Amino acid sequence: MDPSAPPQSLAELDEQVTHCRACPRLVAWREEAARVKRRAYQDWDYWARPIPGFGPPDAALVLVGLAPAAHGGNRTGRIFTGDSSGDLLYATLHRLGLASRAESVRAGDGLELSGVRITDPVRCAPPDNRPNPDERDTCRPWLAREFEFLRPTVRSVVALGGFAWQALLPVLTAAGYAVPRPRPAFGHAAHIVLAHTDGGPPLHLFGCYHVSPRNTFTGRLTTEMLTDLLRSAAETAGLTLSG
Ligand code: SF4
């Protein structure tokens, strides 16, 4: 993040992050994936830059994943898009009435989210989908700033997987939420209410297994489990659902 030009809005933050080159290994990987491509995507002009969060700036519910996939978000320019993880996530949000369509194709395809924003603690595609701790920490200011802008409206956050959970806790502490010590452990359907130290509205933190093929193909995370979890988090945040 450029400290000389701090973003004044979430839209500015979303634009600024797309220019970040702070992690040499991830910059090289995202650009290499765009050069080599996957056979099925030879006709695509890959995004090959950091992926901003997606969803309205006054979201009440925030979903936090891990990092974009080299041939998913790194190709399409939108978070959780272009792979099976995204297919399940957007279809579930659509069923609940939180997404205008069941499919997300690419940035700029007209899809809109209602009351929910999706973001990642690491914005560039990492090799083997595994950012290292230095990269996670280097990217943290982007997520922290995003939560500052969302603070007036956000009431529930869902950590999709243990990486998101661990990455979120210091961000929420910095945002003024009273994260218990020792830090709460991640688990599917974990639900912790975090008071704010200024007496403002609390934040409901939910754990959910990541929507990765490793979890969904093995049945560790079923569509029903994901739907129930997102419904609970959305209703807790005060959102009105249709499904
Ligand atoms: Fe920048 Fe985050 Fe990408 Fe690193 S992972 S280059 S900090 S946007």
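Here, the structure is the one placed above.
All figures in this text were calculated on a predicted structure; none of them were measured in a lab.

1. A few points about the nonpolar core
Logical step 1: Counting residues in each nonpolar core, the largest one holds 33 residues, and the members touching the most others are Leu61, Leu63, Tyr90, Leu93, Leu98, Ile118 and Val158.
Logical step 2: Looking at this core, the elements with two or more residues in it are strand E1 (61–64), helix H4 (84–95), strand E2 (116–119), strand E3 (156–160), strand E5 (203–208) and helix H8 (223–236).
Logical step 3: It is H8 that contributes the most residues to this core, five residues altogether.
Logical step 4: Each residue touching Leu63, except ones within four places of it in the same chain, is listed here: Leu89, Leu93, Val116, Arg117, Ile118, Thr119, Val158, Leu160 and Leu230.
Logical step 5: One finds Leu13, Ala59, Val157 and Tyr177 within the second-largest nonpolar core, a separate group that totals 31 residues.

2. Focus on helix H5 (residues 133–150)
Logical step 1: Over its 18 residues, H5 runs 25 Å from end to end, which matches the ideal 26 Å to within 8%, given 1.5 Å per residue.
Logical step 2: At Arg140, H5 shows its largest bend, some 35°, and a proline, Pro141, comes one to four positions later.
Logical step 3: At the N-terminal end of H5, a side-chain oxygen is found 3.1 Å from the backbone nitrogen of Asp134, two or three residues along, and the residue is Asn132.

3. Quick word on the packing of aromatic side chains
Logical step 1: Overall, the coordinates contain three aromatic pairs when judged by the stated rule.
Logical step 2: Look at Trp165 and Phe186: their rings are 5.8 Å apart centre to centre, the planes differ by 70°, and that puts the pair in the edge-to-face class. Here Trp165, found in helix H6 (residues 162–174), pairs with Phe186, found in the loop between H6 and strand E4 (191–194); they are 21 residues apart in sequence, far enough to count as distant.
Logical step 3: Looking at Phe186, the relative accessible area reads 25%, which means it is partly exposed.
Logical step 4: Of the aromatic side chains, those joined through ring pairs into one cluster are Trp165, Phe186 and Tyr209.

Conventions we followed
In this numbering scheme, every chain counts its residues from 1 along its sequence in written order. Local features in a predicted model are, by the rule used here, given only for residues with pLDDT of at least 70; side-chain atom pairs are given and counted only at 80 or more, and totals for whole chains, interfaces and linings are based on all residues. Values reported for side chains reflect all heavy atoms of the structure, with hydrogen atoms and water molecules removed beforehand. Think of a nonpolar core as a cluster: buried Ala, Val, Leu, Ile, Met, Phe, Trp, Tyr and Cys residues, connected wherever their side-chain atoms sit within 4.5 Å. In this scheme, a residue with accessible area under 20% of its type's maximum is buried, one over 50% is exposed, and one in between is partly exposed, where area comes from a 1.4 Å probe on protein chains only. Only DSSP runs of H or I covering at least 4 residues are called helices, and only runs of E covering at least 2 are called strands; the numbering of each starts at the N terminus. Here, two residues are considered to be in contact whenever any of their heavy atoms come within 4.5 Å of each other. Expected helix span is computed as 1.5 Å times (number of residues minus one). In this scheme, the bend at a residue equals the angle between the axes fitted to the seven residues that finish there and the seven that begin there. N or O atoms within 3.5 Å of each other form a polar contact, as long as, within protein, one can give a hydrogen and the other can take it, and as long as residues adjacent in sequence are counted only when both atoms are side-chain atoms. Classification of ring pairs uses Phe, Tyr and Trp, with its six-membered ring standing for Trp, and accepts pairs whose centres are within 6.5 Å; under 30 degrees between planes counts as stacked, over 60 as edge-to-face, and the remaining range as tilted.

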